[in-house]
Amino acid sequence: LLMPLRVVQKPAHRCIRALKAVQTEHVVPQVYTRRSSSAPVPRITSHYTICPRDKDPRWEGVEMERFADEADVVIVGGGPAGLSAAIRLKQLANQHEKELRVCVVEKASQIGAHTLSGACLEPSALNELIPDWKDRGAPLNTKVTEDRFAILTEKYRIPVPILPGLPMNNHGNYIVRLGHFVRWLGEQAEELGVELYPGYAASEVLFHEDGSVKGIATNDVGIAKDGSPKDIFERGMELHAKVTVFGEGCHGHLAKQLYKHFNLREGCEPQTYAIGLKEVGLDYTNPYLSPFREFQRWKHHPSVVPTLEGGSRIAYGARALNEGGFQSVPKLTFPGGALIGCSPGFMNVPKIKGTHTAMKSGMLAAEAIFSKLTDENLQSDTAGIHVPSYEESLKNSWVWKELRSVRNIRPSFHNYFGLYGGMVYTGIFYWILRGKEPWTLKHAGLDAAQLKPAKECTPIEYPKPDGKISFDLLSSVALSGTNHEHDQPPHLTLKDDSVPVAQNLAVYDGPEQRFCPAGVYEFVPLESGEGMRLQINAQNCVHCKTCDIKDPSQNINWVVPEGSGGPAYNGM
């Protein structure tokens with residue numbers, strides 16, 4: 001089991017409440033029904049982001065004041081980027097003998113518990129951040145000694161040589177359990193004086209009157225499934241900061257709000273994603289495709305089976321990852337805050353690596369923020385301090401150079417020749433020119449817009465799992481350790497309750513029942529036998545956010561559940 005990081009209690013911080021223990025009772029699923037066109041659609045979504053509490057008589061007289069605390073820098077997300085930023089800030093503060101309060105809030109119950117990756121770690125950023133990481137016991141123990149790259153046909157494996165200099169070459173990298181590495185980073189941060197608060201989900205961005213970011217609020221607890229306050233209701237708390245750094249990971253809930261508030265995606269292409277079971281791109285077009293079942297089928301390939309035979313399945317997880325790369329990086333700074341890591345998306349797609357770039361982005365943000373906050377002649381036009389020098393530093397760093405060099409590899413697969421055309425392009429233009437071609441290819445567009453209507457596609461027949469190499473979905477999800485407080489509004493909210501059946505099921509044959517890797521969404525018959533209803537099993541959610549990304553109607557909005565809820569990955 002993962003051990004929780006020690007949080008030193010100080011008098012000024014005693015108001016940071018302990019979250020209620022996660023319960024394990026069965027969750028009654030949410031139900032969405034299709035009614036006749038003349039009957040009104042019942043409002044079933046109960047989350048306050050959709051159903052405002054100020055218009056709900058059940059909330060009259062409920063105390064809504066929140067306790068507020070102050071820090072110099074608040075970091076949202078205790079992953080590689082957020083912890084690297086925190087460590088670098090405290091390194092600089094200690095080096096220059098400056099007092100700097102740095103707080104990290106993390107929605108997982110323990111640091112690293114929501115971390116999931118391959119993971120083959122390139123140590124470049126770690127070497128810069130903590131040069132003596134070996135002496136400090138970093139869990140990097142297995143060096144890569146050999147690379148194999150191949151194309152799989154239905155029954156055969158075609159080896160593809162990895163030429164020197166190609167991004168798929170992993171020599172010098174380490175095979176790690178990223179959750180363990182993140183937990184170790186947390187220990188290093190805490191030794192330096194960083195305050196870590198796992199189990200606190202940042203649910204809201206706070207703004208000053210001038211529009212700059214003021215900080216964040218953690219989510220309320222003690223709200224019943226129907227959206228009413230329970231006797232144990234408690235408001236979340238506010239954390240105010242001079243600068244708030246958002247490192248939520250891929251498709252961050254708060255980052256989505258910031259993109260709109262500050263128009264940060266102006267001038268860049270839409271982000272495109274993959275889901276990390278195996279590398280199944282979320283820009284697929286057939287609504288009958290199931291990433292989970294594709295993964296199970298892949299394991300039965302003749303070249304894969306020998307690796308798995310005789311083994312035991314001990315854990316399961318899934319997550320989305322950014323694949324937009326250079327073209328899809330948004331503006332990174334705004335008054336009062338900054339975006340780091342996989343939230344804006346710095347993954348090197350052909351390498352299938354983003355940890356090193358995420359860490360470096362956090363370090364660069366920290367250096368820019370520290371320089372700004374300690375400037376004796378600091379002047380700010382807004383209450384929340386703007387640090388544009390971070391984006392300038394990143395664009396002058398090896399991160400930007402690396403992303404630019406591989407910018408055309410991912411979109412090159414969107415051509416008439418598909419996979420093979422992309423490979424030819426990579427071999428010619430990357431290996432020879434190292435990304436210096438004078439053009440930049442575009443992505444196909446939003447992943448949600450790629451699905452074709454079901455009538456234009458052929459249903460996919462998947463083999464039944466054998467229970468030895470391949471497995472069913474629900475028994476897999478059970479191994480993720482996923483758990484949520486049972487009596488709370490589902491955090492998988494719908495903007496319009498009528499859309500799942502009237503649009504998604506009618507046009508796309510309900511793709512949410514297939515693209516979700518945790519069995520959250522099911523279409524089942526109405527009790528009357530006439531029509532279908534959507535059932536949402538929110539307790540299964542592993543926080544991958546695929547539904548928010550791939551929903552063709554863009555009707556699903558993933559928001560944070562009560563703190564500590566979600567998967568409990570042990571070094572995944």
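Per an unreviewed UniProt entry, the recorded name for the protein is Electron transfer flavoprotein-ubiquinone oxidoreductase, and the organism is Astyanax mexicanus. The record in UniProt for the protein states the following under Function (unreviewed entry): "Accepts electrons from ETF and reduces ubiquinone."

Asker: What is the right way to read the overall build of the protein from this model?
Answerer: Looking only at helices and strands, the protein features 14 helices and 23 strands. Taking 2.2 N^0.38 as the reference for a compact globule, 572 residues should give roughly 25 Å; the C-alpha atoms of the protein span a radius of gyration of 24 Å, in line with that estimate. Expressed as lengths along the three principal axes of its C-alpha atoms, the size of the protein is roughly 65 × 65 × 45 Å. Buried positions account for 57% of the 572 residues belonging to the protein.

Asker: Teacher, can you tell me more about the environment of S393 here?
Answerer: Along the chain, S393 falls in helix α8 (residues 389-395). The class of S393 is partly exposed, set by a relative accessible area of 31%. As a C-alpha pair, S393 and A365 span 28 residues in sequence and 8.3 Å in three-dimensional space.

Asker: Sorry, what's going on with the sheet that holds strand β5 (residues 142-143) here?
Answerer: Hydrogen bonds between backbone groups are what pair the strands of a sheet, and the pairing can be parallel or antiparallel. In space, the three strands of this open sheet follow the order β4-β8-β5, with antiparallel pairing throughout. Strands with a single pairing partner mark the edges of an open sheet, and in this sheet they are β4 (120-121) and β5. With two bridges joining them, β5 and strand β8 (residues 174-175) adopt antiparallel strand pairing. The residue bridging T142 from the neighbouring strand is I175, located in β8.

Asker: Just checking my understanding: could you explain unusual backbone geometry for this structure?
Answerer: Trans is the common state for peptide bonds, and a negative phi is the common state for residues other than glycine. Residue H251 is not a glycine yet carries a positive backbone phi of 55°. Positive phi values are uncommon outside glycine, yet H543 reaches one of about 65°. Among the secondary structure elements, H543 is positioned in the loop between β22 (532-536) and α14 (546-550).

Asker: Explanation requested: the nonpolar core in the structure shown.
Answerer: Most often, soluble globular proteins have nonpolar side chains that are buried together. I75, L89, L140, F181 and Y390 are the most contacted members of the largest nonpolar core, which has 58 residues in total. The element best represented in this core is helix α7 (residues 355-373), accounting for ten residues. Those residues in contact with L140 that lie beyond four places of it in its chain are L121, L126, W133, Y174, V176 and F181. Ranked by size, the runner-up nonpolar core spans 38 residues in total, among them L116, Y521, F523 and C547.

Asker: What is the right way to look at helix α12 (residues 499-508) in this model?
Answerer: Three- or four-residue spacings in an α-helix give side chains the same orientation, since the helix completes a turn every 3.6 residues. Three or more residues of α12 are buried, namely V499, P500, V501, N504, L505 and Y508. Projected down its long axis, α12 shows its buried positions confined to an angular sector of 160°, all on one face. D509 occupies a position one or two residues after α12 and carries a positive phi of about 60°.

Asker: How should I be thinking about the pairing of strand β13 (residues 229-234) in this particular structure?
Answerer: Looking along a regular strand, one sees side chains alternate from face to face of the sheet. By the bridge criterion, two bridges tie strand β12 (residues 221-223) to β13 in an arrangement that is antiparallel. The residue bridging I223 from the neighbouring strand is P229, located in β13. The loop that links β12 with its antiparallel partner β13 comprises five residues; one of these, G227, has a positive phi angle of about 90°.

Asker: Would you explain the environment of P159 in this entry?
Answerer: Relative to the helices and strands, P159 is located in strand β7 (residues 157-159). A sequence separation of eleven residues divides P159 from R148, and the C-alpha atoms of the two residues are 7.6 Å apart. Excluding residues within four positions of it along the chain, P159 makes contact with F149 and A150.

Asker: What is the right way to look at the pattern of salt bridges in this model?
Answerer: It is possible for side chains of opposite charge to pair when their charged atoms get near one another. Scanning the model with the defined rule gives 26 salt bridges in all. Between R297 and E294 there is a salt bridge, and its shortest N-O distance comes to 3.1 Å. Residue R297 and its partner E294 are both found in helix α5 (residues 291-298); the two are separated by three residues, about one turn of the helix. On the basis of relative accessible area, R297 is assigned to the partly exposed category, the value being 35%. If you follow the salt bridges from partner to partner, you end up with R53, D220 and R235 in one network.

Asker: Please clarify how a nonpolar patch on the surface should be interpreted in this entry.
Answerer: Taken together, the side chains of L163, V424, I428, W431, I432 and L433 make up a nonpolar region of the molecular surface, amounting to roughly 520 Å² of accessible area. Here I432 lies in helix α10 (residues 418-433).

Asker: Just to check I follow, could you spell out the packing of aromatic side chains for this structure?
Answerer: Aromatic rings in a pair are described by how distant their centres are and how their planes are angled relative to each other. Under the criterion given, the structure shown has twelve aromatic pairs. Residues F295 and W298 carry aromatic rings whose centres are separated by 6.1 Å and whose planes lie at 20° to one another, so their mutual orientation is stacked. Of this pair, F295 and W298 are both found in helix α5, three residues apart, which corresponds to roughly one turn of the helix. Among the residues examined, F295 registers a relative accessible area of 16% and is labelled buried. Taken together, the aromatic side chains of F207, F246, F262 and F334 make up a single cluster linked through ring pairs.

Asker: Before we go on, may I ask you to explain the packing of α7 against helix α9 (residues 398-405) in this structure?
Answerer: Relative orientation of the contacting elements α7 and α9 amounts to 145°, with a least axis distance of 10 Å. Considering how the two elements wind past one another, α7 and α9 form a crossing that is left-handed. Here α7 contributes H356, T357 and K360 to the contact with α9, which in turn contributes W398, V399 and E402.

Asker: I tried to follow the packing of helix α1 (residues 80-95) against α7 on my own but got confused; where do I start?
Answerer: Each pair of packed helices can be described by the angle between their axes along with the distance between the axes. Contact geometry of α1 with α7 gives a least axis separation of 7 Å together with a crossing angle of 35°. The handedness of the crossing between α1 and α7 is right-handed. Contacts from P80, A81, S84, A85, R88, L89, L92 and A93 of α1 reach α7 at T355, A358, M359, G362, M363, A366, E367, I369 and F370. Among the residues forming the contact of α1 with α7, the class breakdown is twelve nonpolar, three polar and two charged.

Asker: Looking at this model, I keep getting lost on α7. Mind explaining?
Answerer: Counted at 1.5 Å a residue, the expected span for α7 with its 19 residues is 27 Å, and the 27 Å between its end C-alpha atoms agrees. Counting buried positions along α7 yields 16 of 19 residues, so the element is predominantly enclosed.

Asker: Looking at this model, I keep getting lost on the side chain of K353. Mind explaining?
Answerer: Looking at where K353 falls in the secondary structure, it is placed in the loop between β19 (337-339) and α7. Buried and without a salt bridge, K353 has E122 as its closest oppositely charged side chain, separated by 6.0 Å. Here the side chain of K353 touches K351 through a polar contact of 3.1 Å, landing on its backbone oxygen. Residue contacts for K353: discarding those within four places in its chain leaves C120, E122, N170, N173, M347 and N348.

Conventions and cut-offs
Residues numbered from 1 in each chain as written. Predicted model: local features only at pLDDT ≥ 70, side-chain atom pairs only at ≥ 80, totals over all residues. Heavy atoms only, no water. UniProt positions renumbered as here; feature names shortened; annotations may be inferred. Helix = DSSP H or I, 4+ residues; strand = E, 2+ residues; numbered from the N terminus. Rg over C-alpha atoms; globule rule 2.2 N^0.38 Å. Buried < 20%, exposed > 50% of the residue type's maximum accessible area, 1.4 Å probe, protein only. Pairing = 2+ DSSP bridges. Core = buried A, V, L, I, M, F, W, Y, C linked by side-chain atoms within 4.5 Å. Contact = heavy atoms within 4.5 Å. Arc of directions from axis to C-beta. Salt bridge = Lys/Arg side-chain N within 4 Å of Asp/Glu carboxyl O. Patch = residues over 30% accessible without salt bridge, like charges linked within 9 Å, V, L, I, M, F, W, Y side chains within 5 Å. Areas by Shrake-Rupley, 256 points an atom, 1.4 Å probe, with all protein chains shown as cover. Phe/Tyr/Trp six-rings, centres within 6.5 Å; stacked < 30°, edge-to-face > 60°. Axes fitted to C-alpha atoms, helices over the stretch in contact; angles between N-to-C directions. Left-handed = near helix turned anticlockwise from the far one by under 90°. Nonpolar A, V, L, I, M, F, W, Y, C, P; charged D, E, K, R; others polar. Expected span 1.5 Å × (residues − 1). Lys, Arg positive; Asp, Glu negative; His and termini not counted. Polar contact = N/O pair within 3.5 Å; in protein donor to acceptor, adjacent residues only side chain to side chain.

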